[in-house]
Amino acid sequence: MLKLHGLVLGIFWGLTLLILVVTALFNKSFDPFKYLTPIFLAGHLSGMAVFEVYCRLQKRHSIYQLYGQLASIREFGEWSGPKGRDYYAEPDKRIGTSRRDQENVQSLAHGDLAVESHKSGMDLNRRGVMVRRTRTLRPRDNRGELVKSISRGVVIGEGEVFHKRPLLGVSGMALGTLTPQAVKAISIGAARAGAIVNTGEGSIASYHVAGGELCQIEFQFGTGYFGCRTLEGTFSLDALIEKIRQYPQIRSIQIKGSQGAKAGHSGNLPKEKITSEIAQIRGIPMDRDCVGSGVHTAFVGEEGLVRFIEQIREATGKPVTFKMAVGSVKEFDRLCSAISLYPEGAPDAIQIDGGEGGTGSAYMEVFGQAALPLLDALQIADLLLRKYHLRDRVKLIASGQLFQADHIARAMALGADAVVTARGAKYALGCIAAGLCHKAGECPSGVANNGKALDVELRAQYLANYLTSLVERLAMFVDPMGITDIGDLVGTRTQYMDIKDVQIWRLSDVLDRMELEGNNPIDELMTT
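What comes next concerns the included structure. (Residues numbered from 1 in each chain as written. Predicted model: local features only at pLDDT ≥ 70, side-chain atom pairs only at ≥ 80, totals over all residues. Heavy atoms only, no water.)

### Observations regarding the sheet that holds strand β10 (residues 320-324)
Then comes step 1: Strand order around the closed barrel formed by eight strands is β4-β5-β6-β7-β10-β11-β12-β13, with parallel pairing between neighbours. Strand-to-strand, the axes of this sheet are offset by a mean angle of 25 degrees, without reference to chain direction.
Then comes step 2: Note: strand β7 (residues 250-256) against β10, four bridges, orientation parallel. If you follow I253 over to β10, its bridge partner there is V320. (Pairing = 2+ DSSP bridges. Helix = DSSP H or I, 4+ residues; strand = E, 2+ residues; numbered from the N terminus. Axes fitted to C-alpha atoms, helices over the stretch in contact; angles between N-to-C directions.)

Right, dumping it as structure tokens:
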């Protein structure tokens, strides 16, 4: 609608200018004062018309290209917004993060210092505050050593099947949910920064490997098995092996069990967004919405999962990770038990997705009510893996609103070995969190649709800038803690962080939660 409005305005300005010029040329009176107003009006409108044409033809700003000078209204809001939000507004509850956080990511992406002058704004009484245990009188600056340790990454897998995985990566966002141009920009930008990219559950295509030999790809499939399915929609191991042969940049394979924003529910790609290319890549029809099942058909239960993982690892020679949101502590305990009984099928890493994570499409009823928050879920996973003596074998990857250095340090202190971000990558590409990912033709930034308005090379460099800066910021944030290796932060809980109003889980707390899940809660309440 805005795009149409902009075109109508452009036509109106052009016609108005034409009428004024014709009137001036053919009017018999040439009194300059009589034509002063039309001349000024004509000059103003002609300037607007020229600016409108420039907006449509330039490639640097996709929002201006799509909406013309109407986008200048938003630019004014960007300039005035932070000042108003500092004094009058709260974070945007719908997108889960403040606009100021979003602007900080985009400043890093544009190569700015992203420093500000304002009060802390920290509310020490709210849940979720974590304060570094800093050392003012530390003997030396450790940032250089920390950057090296971050760049070293973490090894997942064992024996001959392993991958030296980068510490930072881009979380799964499927082709179809994102435009081909956005996926291509992510591939190029992440390759330049040395980060790994998860494909999301929409299969893999040439766009994912646009970054060339430096690409590191984690191929994800979910219940739809896109990219590794039969014509009937069931899992095909042969198709998966063929994908790995076709794309040597695939470093690991991820089985998606669930995600935090919609745990227990699968993806939904509206038919309006299914192009012939997307249909061919996914192996789906174009005349209906692509609505996946929330249940895997290739395996059943925890024991079926670990045997399925062993089968994939042996057939492909690639490490296998498993993505899940912790909606039931007992379920995660059963998974750990199954792994301990059948260690050959241990996932090389488990990605814990917090309930605060985002998605391109889901039903309103499940948002924010599907899984435990990341702060809790990470600790539970870490403790239960330790309970079964699996912590060294199974690494933990964290996701769910992790897009700043302090977010990453917090997740690592609570048990994460590595971190991936979708939100940070989108913001770096120019996403303005309009909440229109699921509506064809209405994304104003070219990330979720309108991809032709997105300059791939420019946005790829923005993403590379952001990911590179994130490494430096993480080293800067962790350095005052007095450590020299980022691995020393993992699972430390309060050793390097004082935490206020954040629940620090103990194994006894986890066991109590499991017991409560198995009983009638009212019976438990009546006995206390």
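### So, helix α7 (residues 180-193)
Then comes step 1: Helix length check: α7 (14 residues) gives 20 Å between terminal C-alpha atoms against 20 Å at 1.5 Å per residue, within 8%.
Then comes step 2: Burial runs high along α7: ten of the 14 residues are buried.
Then comes step 3: Among the residues of α7, P180, A182, V183, A185, I186, S187, I188, G189, A190 and A191 are the ones counted as buried.
Then comes step 4: Buried residues along α7 sit against β4 (168-170), β5 (196-198), α9 (276-282), α14 (423-429) and α15 (456-478).
Then comes step 5: Once α7 finishes, G194 follows within two positions and takes phi at roughly 75 degrees, a positive value. (Expected span 1.5 Å × (residues − 1). Buried < 20%, exposed > 50% of the residue type's maximum accessible area, 1.4 Å probe, protein only. Contact = heavy atoms within 4.5 Å.)

### Quick notes on the packing of aromatic side chains
Then comes step 1: With the rule as written, the count across this model stands at eight aromatic pairs.
Then comes step 2: Site record: aromatic cluster; members linked through ring pairs are F221, Y225, F235, F299 and F308.
Then comes step 3: The ring centre of F226 lies 5.0 Å from the NZ or CZ of R282, which sits over that ring.
Then comes step 4: It is R307 that lies over the ring of Y342; its NZ or CZ is 4.1 Å from the centre. (Phe/Tyr/Trp six-rings, centres within 6.5 Å; stacked < 30°, edge-to-face > 60°. Lys NZ or Arg CZ within 6 Å of the ring centre and 35° of its normal.)

### Thoughts on the pairing of β7
Then comes step 1: The buried count for β7 comes to six of seven residues, which makes it a mostly enclosed element.
Then comes step 2: Bridging between strand β6 (residues 217-221) and β7 involves five bridges; their strand directions are parallel. Bridging from a neighbouring strand, E218 pairs with S252 of β7.
Then comes step 3: For the handedness criterion, the β-α-β arrangement of β6, helix α8 (residues 237-246) and β7 is classed as right-handed. (Right-handed = clockwise from strand over helix to strand, strands pointing away.)

In short, the description is geometric, and any link to function would need to be established separately.
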